[in-house]
Amino acid sequence: MIPNLQIDAARLWDALMETATIGGTAKGGIRRLTLSDEDRRVRDWFKATCEGLGCTVHVDEVGNMFAVRPGRNNALLPIAMGSHLDTQPTGGKFDGVLGVLGAIEARRAMVAAGYETSAPIATANWTNEEGSRFAPAMLASGVYAGVFTPDYAWSREDRDGVTFAGALDAIGYRGIEKAGERRFQAMFELHIEQGPILEDQNTMIGVVKGVQGMRWYEVTVSGQDAHTGATPMYLRRNALLGAARMIDRIDAIGQAYPGAVATVGLIENRPNSRNVIPGEVFFTVDLRHPDERDLHRMELDFRAALPEVMEPLTLAFEERMIWNSPAVSFDANLIDCVRAGVAKSGYTSRDMASGAGHDAAYTARVMPTVMIFVPCAGGISHNEAESTTREECAAGAQVLLNAVLEYDERLSG
Ligand code: HGY
Ligand code: MN
Ligand code: MN
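Just so it is clear, the structure is predicted and the values come from calculations on it, not from any experiment.

What follows concerns the coordination of the manganese ion (ligand 2). Coordination sphere of the manganese ion (ligand 2), protein contribution only: His84 (NE2), Asp95 (OD) and His191 (NE2), at 2.1 to 2.3 Å. The sequence motif formed by the donor residues of the manganese ion (ligand 2) is H-x10-D-x95-H.

What follows concerns the packing of aromatic side chains. Applying the stated criterion across every chain, the model contains 12 aromatic pairs. Consider the rings of Phe148 and Tyr152, whose centres lie 5.3 Å apart with planes at 25°: the pair is stacked. Judged by relative accessible area, which is 12%, Phe148 ranks as buried. According to the relative accessible area criterion, Tyr152 is partly exposed, its value standing at 25%. Measuring from centroid to centroid gives 4.7 Å for Trp216 and Trp323, while their planes differ by 70°, and the two rings are edge-to-face. With Trp216 in strand β7 (residues 213-222) and Trp323 in strand β13 (residues 316-325), this pair connects stretches of sequence that are 107 residues apart. Aromatic rings pair up to connect Phe66, Trp126, Tyr144 and Phe184 into one cluster.

Looking now at helix α12 (residues 390-412). In a regular helix each residue adds 1.5 Å, so 23 residues correspond to 33 Å; α12 covers 33 Å between its end C-alpha atoms and thus fits that length. Of all 23 residues in α12, 17 are buried; the element is thus mostly enclosed.

On to empty space enclosed by the protein, then. In the structure shown here, the tally under the stated rule is 1 cavity of 30 Å³ or more. As a volume, the largest cavity reaches approximately 50 Å³. Looking at the largest cavity, the residues that line it are Arg69, Pro70, Arg107, Met110, Tyr115, Glu116, Thr117 and Ile121. Looking at side-chain class alone, the lining of the largest cavity contains 4 nonpolar, 1 polar and 3 charged residues.

Bound to the manganese ion (ligand 3) on the protein side are Asp95 (OD), Glu130 (OE), Glu130 (OE) and His382 (NE2), at distances that span 2.2 to 2.5 Å. Positions of the donor residues of the manganese ion (ligand 3) along the chain correspond to the pattern D-x34-E-x251-H. The metal-metal distance between the manganese ion (ligand 3) and the manganese ion (ligand 2) is 3.5 Å, with Asp95 coordinating both. Residue Glu130 is located in the loop between β4 (121-125) and α4 (139-144), and its partner His382 is located in the loop between β16 (369-374) and α12; the two are separated by 252 residues in the primary sequence. Given the relative accessible area of 6%, Glu130 is considered buried.

Taken as a whole and assessed by the stated rule, the structure comprises 0 disulfides. Its sulfur unpaired, Cys50 is 5.0 Å from the next cysteine sulfur, which belongs to Cys55. Here Cys50 falls in the buried class, since its relative accessible area comes to 0%.

Turning to the site of ligand 1, a few remarks are in order. Around ligand 1 sit Glu129, Glu130, Ala137, Arg288, Ala356, Gly357 and His382, and that is every residue in its neighbourhood. Contact between ligand 1 and Glu129: a nitrogen atom at 3.0 Å from a side-chain N or O atom of the residue. Separating an oxygen atom of ligand 1 from a side-chain N or O atom of Arg288 is a distance of 2.7 Å. Protein chains bury 95% of the 220 Å² of accessible surface belonging to ligand 1 in isolation. Its residues assigned to classes, the shell around ligand 1 shows 2 nonpolar, 2 polar and 3 charged.

Definitions and cut-offs
- Residues numbered from 1 in each chain as written.
- Chains lettered and ligands numbered in written order.
- Predicted model: local features only at pLDDT ≥ 70, side-chain atom pairs only at ≥ 80, totals over all residues.
- Heavy atoms only, no water.
- Donors = N, O, S within 2.8 Å, 3.2 Å for Na, K, Ca; no water.
- Phe/Tyr/Trp six-rings, centres within 6.5 Å; stacked < 30°, edge-to-face > 60°.
- Buried < 20%, exposed > 50% of the residue type's maximum accessible area, 1.4 Å probe, protein only.
- Helix = DSSP H or I, 4+ residues; strand = E, 2+ residues; numbered from the N terminus.
- Expected span 1.5 Å × (residues − 1).
- 1 Å grid on protein atoms, 1.4 Å probe; cavity = no way out; pocket = protein on both sides within 12 Å on 5 of 7 lines; lining within 4 Å.
- Points joined across faces, edges and corners; volume = space filled by probe spheres on them.
- Nonpolar A, V, L, I, M, F, W, Y, C, P; charged D, E, K, R; others polar.
- Disulfide = S-S within 2.5 Å.
- Near = heavy atom within 4 Å.
- Polar contact = N/O pair within 3.5 Å; in protein donor to acceptor, adjacent residues only side chain to side chain.
- Areas by Shrake-Rupley, 256 points an atom, 1.4 Å probe, with all protein chains shown as cover.

What follows is the structure, given as structure tokens:
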């Protein structure tokens, strides 16, 4: 018989507001770049909090953290719940954090009720989900899933030339465990939707059936530094002009395919001096689509546009794909457990896919995985104004708890 355990909404909200002070910004967001000192502080909080709930905290070779609490039958692999604690440079209070703290609140509800699950329960904090400081995104869950090697992850550099390994060692979170060795029955990830659909449809819970395909590229455009006053227009090799035209072409590709998104988010203009014609520009490209065939067509359009734009401007360019995360579908049995969790909670819900990337996209490769969404105000995320309500956070955590207990029951049943 599955007990009717209840989330404590105030306790969850207090924990969210407490951790939001670690890297908190004046505008009410969080700047907690992966493997920064702020990340170390929130990891320390995570470790102490989970140990206080009877967990043993394990850290793997790329900094992934797993807090494991025994169950009645420790011959079973643990059921994992979790997400990430790193944020964008101008991130919000809930992206990733709600998934980790919602998992901790679910555990607190079990401990408060003196309830012991059949399987052990693990709470996961995945390193570098954002991919903002060290590209690509979901790097450490990708190592765990065997998509990337540890050496590849350790070698990644931020824009200041600091390596992932160097930053990991600097905060003291390079564990001894091989990434991927610690196995789990399943992975449940609670997350804010980061889009407008749930709010727009006045629906509390998203039953997430998968994540769309995502590809990242890096482009360097080379022209010639020259004097803005003495160089006639017809003699220029203006790298920034080439980049500007490509930014417009990439946006047009996103417009051309229904359901697509296409973005240039990072650009570095060199030498970036007001009276020098820019000789070199670096920029990133983010293409996404639920259908891999359309995503591939978008890539072909993007690669065809580069010479069309650059050659008439006498510019050279280098382009390379640095990340390819194919569209993924979540586990049918776990989706059914989430549906049962929703039914027990009484909240409204709808099926949906995720536009944003999540660690769940990679854990789904190596274990049954599912996600649960709650609304966020205006669908705004990756923005310091990101917000959701205490009730929405509690609703997501309640469905997470219900779904995990349902899965545990089915396991032992
Ligand atoms: O890029 C993403 O979708 C995720 O937020 N890292
Ligand atoms: Mn996230
Ligand atoms: Mn994010």
